[in-house]
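Residues per chain are reported as follows:
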Amino acid sequence: MKSKHPDRTRDRAGKAWLVSRRRFLGLGVGALTAWLAGCRRADVIPAATPLSTPAVDPSSTVSSSSTPAPEASPISSPAPASTPSPPPPTATPIPPTYTPVQSTPTSPPPPTPEPAPALSRPALMAHWPVTATSRVVLVRHSGVWAGGTPDPAIVLQMLDAGLSTLADTADVLAVWRAHFAPAERVLLKVNCIAYGGPTQPAVAYGVARRLQDAGLPAENILIFDRTDNELAAAGYTLNEGGPGVQCHGARGEGTEATLSQASVRFYQEFDAADAIVNIPTPKQHGTAGVSVALKNHYGSVNRPGSLHGNWCDPAIAELNAQPTVRDKTRLIVGAALNVSPQDWNRPERENALLVSFDPVALDTVGRDILVRHRQDAGFDVGYLIEGARHLGTAQALGLGTADADLIDLHEVVLG
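Draft legend 1. Structural context of the packing of aromatic side chains. Applying the stated criterion across every chain yields a total of five aromatic pairs. Measuring from ring centre to ring centre gives 5.4 Å for Phe 224 and Phe 270, while their planes differ by 90°; the resulting arrangement is edge-to-face. Taken together, the residues span a long stretch of sequence, with Phe 224 in strand S4 (residues 221-224) and Phe 270 in helix H7 (residues 268-272) at a distance of 46 residues. No difference in accessibility class separates Phe 224 from Phe 270, as the two residues are buried. Through pairs of rings, three or more aromatic residues link up here, namely Phe 224, Phe 266, Tyr 267 and Phe 270. If you follow Lys 283 out to its NZ or CZ, it ends over the ring of Trp 344, 4.0 Å from the centre. Directly above the aromatic system of Trp 145 lies the positively charged group of Arg 349, at a separation of 3.6 Å from the ring centroid.

Draft legend 2. Layout of helix H3 (residues 152-167). Compared with an ideal rise of 1.5 Å per residue, which puts 16 residues at 22 Å, H3 spans 22 Å between its outermost C-alpha atoms and is within 8% of the ideal. Looking one or two residues past H3, Asp 168 carries a phi angle of roughly 60°, positive in sign.

Draft legend 3. Layout of the packing of H3 against helix H4 (residues 172-179). Contact pair H3 / H4: the axes reach a minimum separation of 9 Å and the direction vectors enclose 70°. Regarding the angle of H3 to H4, the classification is roughly perpendicular. Counted together, Leu 159, Asp 160, Leu 163, Ser 164 and Ala 167 of H3 and Val 172, Val 175 and Trp 176 of H4 form the full contact between these two elements. A breakdown of the residues in the contact of H3 with H4 according to their chemical character gives six nonpolar, one polar and one charged.

Draft legend 4. Fine view of the environment of Asn 296. If you trace the backbone, Asn 296 turns up in the loop between strand S10 (289-291) and helix H8 (315-320). Here Asn 296 falls in the buried class, since its relative accessible area comes to 1%. When the C-alpha positions of Asn 296 and Cys 192 are compared, they lie 9.6 Å apart, and in sequence the two are 104 residues distant. The residues touching Asn 296, leaving out its near neighbours within four places in the chain, are Lys 189, Val 190, Asn 191, Asn 278, Ile 279 and Pro 280.

Draft legend 5. Structural detail: the pairing of strand S13 (residues 407-413). Relative to S13, strand S1 (residues 103-105) runs parallel, the two being bridged by three bridges. Its bridge partner being in S13, Thr 104 is matched across the sheet by His 410.

Draft legend 6. Focus on the state of the cysteines. On inspection of all chains with the given rule, the structure shows zero disulfides. Here Cys 247 is not cross-linked by a disulfide; its sulfur's nearest cysteine counterpart is in Cys 192, at 7.6 Å.

Draft legend 7. Local environment of the pattern of salt bridges. Under the defined criterion, the tally for this structure stands at 16 salt bridges. For Arg 135, the salt bridge identified is with Asp 168, shortest N-O distance 3.2 Å. Here Arg 135, found in strand S2 (residues 134-140), pairs with Asp 168, found in the loop between H3 and H4; they are 33 residues apart in sequence, far enough to count as distant. Relative accessible area serves as the criterion here: at 54%, Asp 168 is assigned to the exposed category. When the shortest N-O distance is used, the salt bridge between Glu 184 and Arg 330 registers 2.9 Å. Remark: Arg 330 occurs in strand S11 (residues 329-339) and Glu 184 occurs in the loop between H4 and strand S3 (186-189); sequence separation between them is 146 residues. Grouping residues by exposure puts Glu 184 and Arg 330 together as buried. Shared partners join several salt bridges into a network, and the residues in it are Arg 140, Glu 350, Arg 372 and Glu 411.

Draft legend 8. The arrangement of the environment of Val 277 in detail. Among the structural elements, Val 277 can be located in strand S8 (residues 275-278). With 53 residues separating them along the chain, Val 277 and Arg 330 place their C-alpha atoms 5.9 Å apart. With near-sequence residues (within four places) excluded, Val 277 lies in contact with Phe 180, Val 186, Leu 187, Leu 188, Lys 189, Val 207, Leu 331 and Val 333.

Draft legend 9. Geometry of H4. The buried fraction of H4 is high, at six of eight residues. Among the residues making up H4, those that are buried are Val 172, Ala 174, Val 175, Trp 176, Ala 178 and His 179. Contact partners of the buried residues in H4: helix H2 (121-125), H3, helix H5 (201-213) and S11.

Draft legend 10. How the structure looks around the pairing of strand S12 (residues 348-356). Burial within S12 is extensive, with seven of its nine residues counted as buried. Relative to S12, S2 runs antiparallel, the two sharing five bridges. Residue pairing for S12: Val 139 is matched across the bridge by Leu 353. In the sheet, S11 pairs with S12 via seven bridges, with the strands oriented antiparallel. Within the sheet, the bridge partner assigned to Ile 332 lies in S12 and is Ser 356.

Definitions and limits used
Residues numbered from 1 in each chain as written. Predicted model: local features only at pLDDT ≥ 70, side-chain atom pairs only at ≥ 80, totals over all residues. Heavy atoms only, no water. Phe/Tyr/Trp six-rings, centres within 6.5 Å; stacked < 30°, edge-to-face > 60°. Helix = DSSP H or I, 4+ residues; strand = E, 2+ residues; numbered from the N terminus. Buried < 20%, exposed > 50% of the residue type's maximum accessible area, 1.4 Å probe, protein only. Lys NZ or Arg CZ within 6 Å of the ring centre and 35° of its normal. Expected span 1.5 Å × (residues − 1). Axes fitted to C-alpha atoms, helices over the stretch in contact; angles between N-to-C directions. Parallel < 35°, antiparallel > 145°, perpendicular 65-115°, else oblique. Contact = heavy atoms within 4.5 Å. Nonpolar A, V, L, I, M, F, W, Y, C, P; charged D, E, K, R; others polar. Pairing = 2+ DSSP bridges. Disulfide = S-S within 2.5 Å. Salt bridge = Lys/Arg side-chain N within 4 Å of Asp/Glu carboxyl O.

By themselves, these are just geometric observations and shouldn't be taken as functional.
Here you go:
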């Protein structure tokens, strides 16, 4: 299947796009800034108006003091750069080997009068290659944005339906209790480096609510991303040491991870946590193809900018293979109420949550969602597929599966 626009230098009528020298330099520097920062803000689309985005430096370290280093002010008019910017992704046809994951319409298990049998965490979390397939649950509700912002009650319904379908039991709290002990400290890793489309707070707070319902004190739950500023800008309520769910950025460095491309350190909050719930949001990424659960952990270390060579491969997979991530992650909840298939400043509605124990399978389904959105808009999709080579590397490391035939995708529609 060929892209609808194999020549991205011409419009639908076949006329060449004309870009002024100033606009050309602005686009080039904007792309260079985001590339050097390690987080590309949006796909460069010549017909779109360039947007101002925060200038962040993911490779900078965070002080161990209680206040993170200040971020730069938004850039509205970049100055010309002396070094050339990397080229934007090329419009390419869909690779013939690409096969989207096929879903099975499903209803959550119905309630039963008998209490659920004792659940085993290892048995619940088992996925490929331990089992023949890996299950991913996609839950949709068309009314989740009815009030203009995500409805917390509907988000909880979606989360409950997703987890009960994933675990094949109607007793959702039994699943939470099987995964998390009341005395454990649980870190919820959100992604706020999406400007207009971060991990939706209603999803993270929904997970925190269910953890409390399962017996964890609110103070044992930390909603985390790199900096206080990014969390606050994304709509989270900062709380460090006060009563209730904790929420703050990094306060220092911890365990070192030596990877092929560089050595980095996890933030100390990951050392302090007993368990992790990964709560990413699906978005396109110019140097990794896609960013979902696996790449979300670039916000868990101090120098992610050093891990962006070769389409972030094998760095993404190697980072997720570290014991700090692999041994502590208990659940992945993909916040796909919004997704960012094109521009991180302009996310698009998907009205969905993704739930799985397999981060690779969940990322594969997330990539399919992004591919569909870009196809519907007439944009190239080849780089989402070919650029996400870290999915294959992660499968080779046994972290999960990116093979569509090995992913058991259940789709639940609630409304």
